Amino acid sequence: NSFAQSGSVYFPDGVYLITSTIVCDEKFISFFGNSVTACVIKFSPGVAGVAFDLRHTVLSANSFAFRNLSIITDFVSAGTAIKITGKLTAASIQVNGADDSLYLENVRVTQTGTGYWTTFLNAINNGGMHLSQVSFDNTVLAAQSNSAVIGILIESPDVRVSLIRTIAA
C-alpha cells in the first residue's frame with residue numbers, strides 16, 4: 001500500500017507466509033527474489049481464495065511482474081495463485097491492458113503436503129502475458145482427480161470482448 005503507482009518488492013531468501021489476498025489495485029508491482037528455491041511465498045489461508053489479486057484499468061500501460069520465486073500452498077483446494085483482471089469501462093470494447101501486462105519469469109507454482117491450487121493463473125479481460133521458465137506443479141493425487149483444477153484460465157465475462165492480444169510462452 002505504500003506505493004503510489006508502482007514499485008518493486010524484493011524478498012530476500014526465505015519463506016514468507018501470507019494468509020489472505022494481496023491486492024494490487026491500480027498499483028503496478030514487481031515481486032522478485034533470488035531464485036525459485038531460495039525465495040518461497042507460502043499461501044496458507046483460512047478459506048480458499050486468491051493469493052495475488054492484480055487489477056488495472058483500460059488506461060494503464062504498466063505491467064505486473066513476478067521473478068525468481070516460488071508460490072506454494074499447503075491448503076487443500078487453495079484457490080488461485082495469481083489473478084489478473086483488466087477493468088473494462090463502458091466505452092471499452094477491447095481486451096484491456098498493454099500487450100504484455102503480466103510477466104512471469106523463473107516462477108514456480110507448487111504445493112506442499114496435501115495442499116494444492118485450484119487455478120495457477122486466472123486472466124480476466126487481460127491484454128497479454130509473457131511467461132518464461134514457469135512451472136505449475138500439482139502432484140497431489142486429489143488435485144489430479146479434481147476436475148475443477150485448472151492450470152491457466154483465460155476468460156472474459158464481458159460479451160463485447162472477443163480478442164486476446166498476446167500470450168508468449
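See the structure shown above.
Here goes a summary of the coordinates provided.

### A closer look at the overall build of the protein chain
In step 1: In terms of helices and strands, the protein chain carries one helix and 13 strands.
In step 2: With 169 residues in all, the protein chain has 41% of them scored as buried.
In step 3: Expressed as a percentage of contacts within the protein chain between residues at least 6 apart in sequence, the contacts between residues at least 24 apart total 82%.
In step 4: Entry remark: accessible area of the protein chain is about 7800 Å², with carbon and sulfur atoms responsible for 55%.

### Some words on unusual backbone geometry
In step 1: Even without glycine at this site, Asn68 takes up a positive phi of about 55°.
In step 2: For Asn68, a relative accessible area of 24% translates into the label partly exposed.
In step 3: Phi at Gln133 takes a positive value of approximately 55°, unusual for a residue other than glycine.

### Topic: the environment of Gly113
In step 1: Here Gly113 is to be found in the loop between strand 9 (102–111) and strand 10 (119–124).
In step 2: Spatially, the C-alpha atoms of Gly113 and Val140 are 8.1 Å apart, while their sequence positions differ by 27 residues.

### Overview of the environment of Phe43
In step 1: Turning to its location among the elements, Phe43 is positioned in strand 5 (residues 39–43).
In step 2: Residue Phe43 is classed as buried on the basis of its relative accessible area of 1%.
In step 3: Separated by 23 residues in sequence, Phe43 and Ser20 have C-alpha atoms that sit 7.6 Å apart.
In step 4: Not counting chain neighbours up to four residues away, the residues in contact with Phe43 comprise Ile18, Thr19, Ser20, Thr21, Gly49, Val50, Ala51, Ile72, Thr73, Asp74, Ala78 and Trp117.

### Some details on the pattern of salt bridges
In step 1: Tallying each qualifying case throughout the model produces four salt bridges.
In step 2: In this structure, the salt-bridge partner of Lys42 is Asp74, at a minimum N-O distance of 3.3 Å. Taken together, the positions of Lys42 in strand 5 and Asp74 in the loop between strand 7 (64–73) and strand 8 (79–87) put the pair 32 residues apart, joining distant regions of the chain.
In step 3: Of the charged contacts in the structure, one is a salt bridge between Asp53 and Arg55, with a shortest N-O distance of 2.8 Å.
In step 4: According to the relative accessible area criterion, Arg55 is partly exposed, its value standing at 27%.
In step 5: Each of Asp25, Asp53 and Arg55 takes part in a single network of salt bridges with overlapping partners.

Conventions adopted
- Numbering of residues starts from 1 in every chain and runs along the sequence as written.
- Per-residue local features are limited, in this predicted model, to residues with pLDDT of at least 70; the limit for side-chain atom pairs, both in listing and counting, is 80 or more; totals at the level of whole chains, interfaces and linings are taken over all residues.
- For side-chain calculations, the full set of non-hydrogen atoms in the structure is used, while hydrogens and water are omitted.
- Helix numbers and strand numbers start at the N terminus; a helix is a DSSP run of H or I with at least 4 residues, a strand a run of E with at least 2.
- In this scheme, a residue with accessible area under 20% of its type's maximum is buried, one over 50% is exposed, and one in between is partly exposed, where area comes from a 1.4 Å probe on protein chains only.
- Two residues form a contact once any of their heavy atoms are found within 4.5 Å.
- Accessible surface area values rest on a Shrake-Rupley calculation with a 1.4 Å probe, where residue burial reflects the displayed protein chains alone.
- For salt bridges, the criterion is a side-chain nitrogen of Lys or Arg within 4 Å of an Asp or Glu carboxyl oxygen.

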